[in-house]
Amino acid sequence: PLRCRRPVRAPPSVRRVLVVSDLHTDHPANLRWVEEELESDHEALLIVPGDVSHRIDLIRRTLASLRDKFGAVAYCPGNHDLWLEEGE
């Protein structure tokens, strides 16, 4: 059976659940949208069901930006996230 590595425990301040997928922050315009244009909502749990990037550095950068903008973030890798370069 598939199990979560670590359960998501949303803080009590979370009042909404939002979902965004297929961010593909390998594309500069998409990364810019996440970092500069996406509005913060610290009362929301954001679920990111994959396809953030095929580069581990961009996955980390994107998730860090999202954690700064939302009350909690739950992430599940998608097929693009599993296409990491050798050595990553």
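In what follows, the accompanying structure is described. (Residues numbered from 1 in each chain as written. Predicted model: local features only at pLDDT ≥ 70, side-chain atom pairs only at ≥ 80, totals over all residues. Heavy atoms only, no water.)

A look at the overall build of the protein
Our working definition: Secondary structure is summarised from DSSP: a helix means a run of H or I of at least four residues, a strand means a run of E of at least two, and numbering begins at the N terminus for each. To sort residues, take the accessible area from a 1.4 Å probe on protein chains only and compare it with the maximum for the residue type: under 20% means buried, over 50% means exposed, and anything in between is partly exposed. Contacts are residue-level and defined by heavy atoms, with any inter-residue pair within 4.5 Å sufficient.
Per the secondary structure count, the protein includes two helices and three strands. Secondary structure elements of the protein, listed N to C terminal, follow the sequence β-α-β-α-β. Looking at the protein as a whole, 33% of its 88 residues qualify as buried. For the protein, contacts bridging at least 24 residues in sequence account for 84% of all contacts bridging at least 6.

Observations regarding the packing of helix α1 (residues 28-37) against helix α2 (residues 56-69)
We count it as follows: Working convention: axes come from line fits to C-alpha atoms, limited for helices to the stretch in contact. Angles between N-to-C directions cover 0 to 180 degrees. Roughly parallel here means an angle under 35 degrees, roughly antiparallel means over 145, roughly perpendicular means 65 to 115, and every remaining angle is called oblique. Here a crossing is taken to be left-handed if its near helix is turned anticlockwise relative to the far helix by less than a right angle, and right-handed if that turn runs clockwise. Amino acids outside the nonpolar list (Ala, Val, Leu, Ile, Met, Phe, Trp, Tyr, Cys, Pro) and the charged list (Asp, Glu, Lys, Arg) are all regarded as polar, and Gly is one of them.
Taken N-terminus to C-terminus, the directions of α1 and α2 make an angle of 25 degrees; their axes are 9 Å apart at the nearest point. Judged on the interaxial angle alone, α2 and α1 are roughly parallel. Read as a crossing pair, α1 and α2 show a hand that is left-handed. Mapping the contact onto sequence places L31, V34, E35 and E36 in α1 and L58, R61, T62, S65, L66 and K69 in α2. Its residues assigned to classes, the contact of α1 with α2 comprises four nonpolar, two polar and four charged.

Topic: α2
Here is the rule we go by: The span one expects for a helix is its residue count, reduced by one, times 1.5 Å. The directions from the helix axis to the C-beta atoms form the arc being described.
Its 14 residues give α2 an end-to-end C-alpha distance of 20 Å, which sits within 8% of 20 Å, the value for a rise of 1.5 Å per residue. Taken as a whole, α2 has its buried residues at L58, I59, T62, L63, S65, L66 and K69. One side of α2 holds all its buried residues, which, seen down the axis, span an arc of 160 degrees. Away from the buried face of α2 by more than 90 degrees, exposed residues R60, R67 and D68 are located. In this fold, the buried residues of α2 make contact with α1, β2 (41-48) and β3 (70-75).

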